[in-house]
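What follows is the residue order along each chain.
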Amino acid sequence: MGTKVSDHILERLRAWGVEQVFGYPGDGINGLLAAWGRAENRPRFVQSRHEEMSAFEAVGYAKFSGRIGVCAATSGPGAIHLLNGLYDAKLDHVPVLAIVGQTNRTAMGGSYQQEVDLHTLYKDVASEFVETVTVPEQLPNVLDRAIRTAYARRCPTALIIPGDVQELDYSPPTHAFKMVPSSLGMSEFTATPTDEALRRAAEVLNAGEKVAVLVGQGAAGAVAEVREVAELLGAGVAKALLGKDVLSDELPYVTGPIGLLGSRPSYELMRDCDTLLTIGSSFPYTQFMPEFGKARGVQIDIDAHMIGMRYPYEVNLIGDAQATLRRLIPLLKAEGRSRKWYDAVCANVKRWHATMERRAAVAADPINPEYVARALDPLLPDDAILTSDSGSVANWYARHITMRPGMRGSLSGTLATMGPGVPYAIGAKFAHPDRPVFALVGDGAMQMNGLAEMITAAKYRDLWSDPRLVVAVWNNQDLNQVTWEMRAMEGAPSFLPSQSIPDVQYAAFARSLGLTGIRVEKPEDVEAAWRAGLEADGPAVLEFLTDPAVPPIPPHASWEQMEATAASILKGDADRGSVIKQGLKAKVQEFLPGRAKQ
């Protein structure tokens, strides 16, 4: 039997080094599934419980491996289900390829079963490259181009392949008119700015007396260079959430997260600086950056499309972070700088860590959610990978997890969608089967996606040389982040029909799958549960019953509010409303033009 189009697709994926495809079967990709059988499951087909999870797993794999994530789904509903995960890839700039089926060409246009205009549907999410394969000769060019584009533009791309095309005999493009040949691979490339642009940037930075640095995921390859710049300039360094693992939180001048889930030191760093250097970040919340006109700014980003739009930067350097900083560093001057700014930043950082430790130690009913994250922090192995879901749990991930060199972490940064915590963790395990992975998840997200995807974790547990995949569920029976946002933004109490969710037995469900499951109802049992999860011989679900009344205090709340105990803050609705008006609601009001700063 000759090579079919479907055989050639898998062969080409292997040639690109693709080792697994996250997918879910359906008759729209039957041809591909048959080819997988002939190819002895190479690349490995990783079966999720839902196509959205396949896409999230591909995103998690790409984020933690640095390689393209690939997902596959059937026509119609399967292709539709991929969209949320693909939008997560688009907004966080992650290379992902989606391969989706389509009804046979003979039926297209006939309102046939599962016929959806997929090209139109995918036109936005895969805006950089989406193509429908109608004849074998389009391959391998469109597949190669989809992969190259995903890497080069750091984005999702899509191939739509009708069912009958999958079954056709493969014939390559010929040396003829209107044929497009192709070739494998792409070299590494580095972009750097001009000498003149670097000189202007250095002038701005050297003139600053109170320099702030903001790093995002684009600075991940420039750790040594970012440290050198910060130390030369006596700067504090704040981290966008997607850049949380770029620099160690143990460095005295690293102020931690910035923005809605940020730290007080990061807030003061931005409020008081006179110069801002942003590296590899498109952090969206302008109101958490310096007042316009108060600070001069320099930005470094590899993507010209994303540069210069969050702050009125004086110099915009388009280039790779590491290569650009290496050329910039010799132009920077350390001599003559006062240590007053640097010392103040370091003192704020020290005070912040002590404040967070005190907040985590406050009694709550039954368990303080901050303490759950705080108790994990010192137990984390040096090679740990962490994923966080969206919701109030992201506050505790951002504020209580100390990133150390070698550790990795991520979450849905820009889309901020619910549900990727567990599938990200599964993707991370396929990227690094020899490393322990921790998923920090709220009970809403666990009910939405995580429970079913624990079945996937159980299915593939034997493939991972390090068996540890610890899923922690903050069970407060409340969609907590939205509850607090309603109180803060709308001045309204929690609307129970929308916010209250059932008390599901998450640990018991894990045990029903043959996994470790531990339900923790008292604070004195929290640390022991984490240790048990770390010692488990496979995936584990740790279920912590936490207090929904502990508020995620905003970063610009006063130090006194930050240090106030949960008990004194939450004595009743009246007190809660007062604190909210002073605190959470201020995260919008405080940054309105002309409003005085704290």
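Residues numbered from 1 in each chain as written. Predicted model: local features only at pLDDT ≥ 70, side-chain atom pairs only at ≥ 80, totals over all residues. Heavy atoms only, no water.

A. Quick look at the packing of helix α10 (residues 223–233) against helix α12 (residues 321–328). Contact pair α10 / α12: the axes reach a minimum separation of 9 Å and the direction vectors enclose 35°. Crossing of α10 against α12: the hand is left-handed. Across from E225, V226 and V229 in α10, the residues of α12 making contact are Q322, L325 and R326. Of the residues contributing to the contact of α10 with α12, the split by class is three nonpolar, one polar and two charged. (Axes fitted to C-alpha atoms, helices over the stretch in contact; angles between N-to-C directions. Helix = DSSP H or I, 4+ residues; strand = E, 2+ residues; numbered from the N terminus. Left-handed = near helix turned anticlockwise from the far one by under 90°. Contact = heavy atoms within 4.5 Å. Nonpolar A, V, L, I, M, F, W, Y, C, P; charged D, E, K, R; others polar.)

B. Quick peek at the packing of aromatic side chains. Within the structure shown, the criterion is met by 13 aromatic pairs. Between W474 and F544 the ring centres are 6.3 Å apart and the planes differ by 50°, which places this aromatic pair in the tilted class. Of this pair, W474 sits in strand β16 (residues 469–475) while F544 is found in strand β18 (residues 540–545), placing the two residues 70 residues apart along the sequence. Of the aromatic side chains, those joined through ring pairs into one cluster are F22, Y61, F430, Y460 and W464. A cation over an aromatic ring shows up here: K244 above the ring of Y397, its NZ or CZ 5.5 Å from the ring centre. (Phe/Tyr/Trp six-rings, centres within 6.5 Å; stacked < 30°, edge-to-face > 60°. Lys NZ or Arg CZ within 6 Å of the ring centre and 35° of its normal.)

C. Highlighting the sheet that holds strand β13 (residues 385–388). A sheet is described by the order of its strands in space; here six strands give the open sequence β14-β13-β15-β16-β18-β17, paired in parallel fashion. A single partner strand is all that each edge strand has here, and the edge strands are β14 (408–411) and β17 (516–520). With direction set aside, neighbouring strand axes in the sheet form an average angle of 15°. As paired strands, β13 and strand β15 (residues 437–442) are joined by four bridges and run parallel to one another. Across the sheet, L386 pairs through a bridge with F438, a residue of β15. (Pairing = 2+ DSSP bridges.)

D. Quick look at the sheet that holds strand β3 (residues 69–73). Across the sheet, six strands lie side by side as β2-β1-β3-β4-β6-β5; this open sheet has parallel pairing. Edge positions in the sheet fall to β2 (44–47) and β5 (130–132), since each of these pairs with one other strand and no more. Strand-to-strand twist across the sheet, computed as the mean angle between neighbouring axes with direction ignored, equals 20°. Sheet analysis places strand β1 (residues 20–23) next to β2, joined by four bridges and oriented parallel.

E. Representation of helix α2 (residues 30–38) in the model. Regarding α2, the residues found buried are G31, L32, A35 and W36. Buried positions in α2, seen along its axis, are confined to an arc of 145° and lie on one side of it. Following α2 by one or two positions, E40 has its phi on the positive side, about 55°. (Buried < 20%, exposed > 50% of the residue type's maximum accessible area, 1.4 Å probe, protein only. Arc of directions from axis to C-beta.)

F. Local environment of a nonpolar patch on the surface. A contiguous nonpolar patch, built from M186, F189 and I302 and spanning about 270 Å² of accessible area, is present on the exposed surface. Mapped onto the secondary structure, F189 falls in the loop between α8 (163–166) and α9 (195–207). (Patch = residues over 30% accessible without salt bridge, like charges linked within 9 Å, V, L, I, M, F, W, Y side chains within 5 Å. Areas by Shrake-Rupley, 256 points an atom, 1.4 Å probe, with all protein chains shown as cover. Salt bridge = Lys/Arg side-chain N within 4 Å of Asp/Glu carboxyl O.)

G. Helix α14 (residues 369–376), seen in detail. For α14, the tally of buried residues reaches seven of eight residues, placing the bulk of the element in the interior. Turning to α14, its buried residues number three or more, namely P369, E370, V372, A373, R374, A375 and L376. For α14, the capping residue at the N-terminal end is N368, with a side-chain oxygen 2.9 Å from the backbone nitrogen of E370. (Polar contact = N/O pair within 3.5 Å; in protein donor to acceptor, adjacent residues only side chain to side chain.)

H. Geometry of the pairing of β14. Bridge count for β13 against β14 is four bridges, and the pairing is parallel. The partner of I385 across the bridge, within β14, is R408. The parallel pair β13 and β14, bridged by helix α15 (residues 392–400), forms a crossover whose chirality is right-handed. (Right-handed = clockwise from strand over helix to strand, strands pointing away.)

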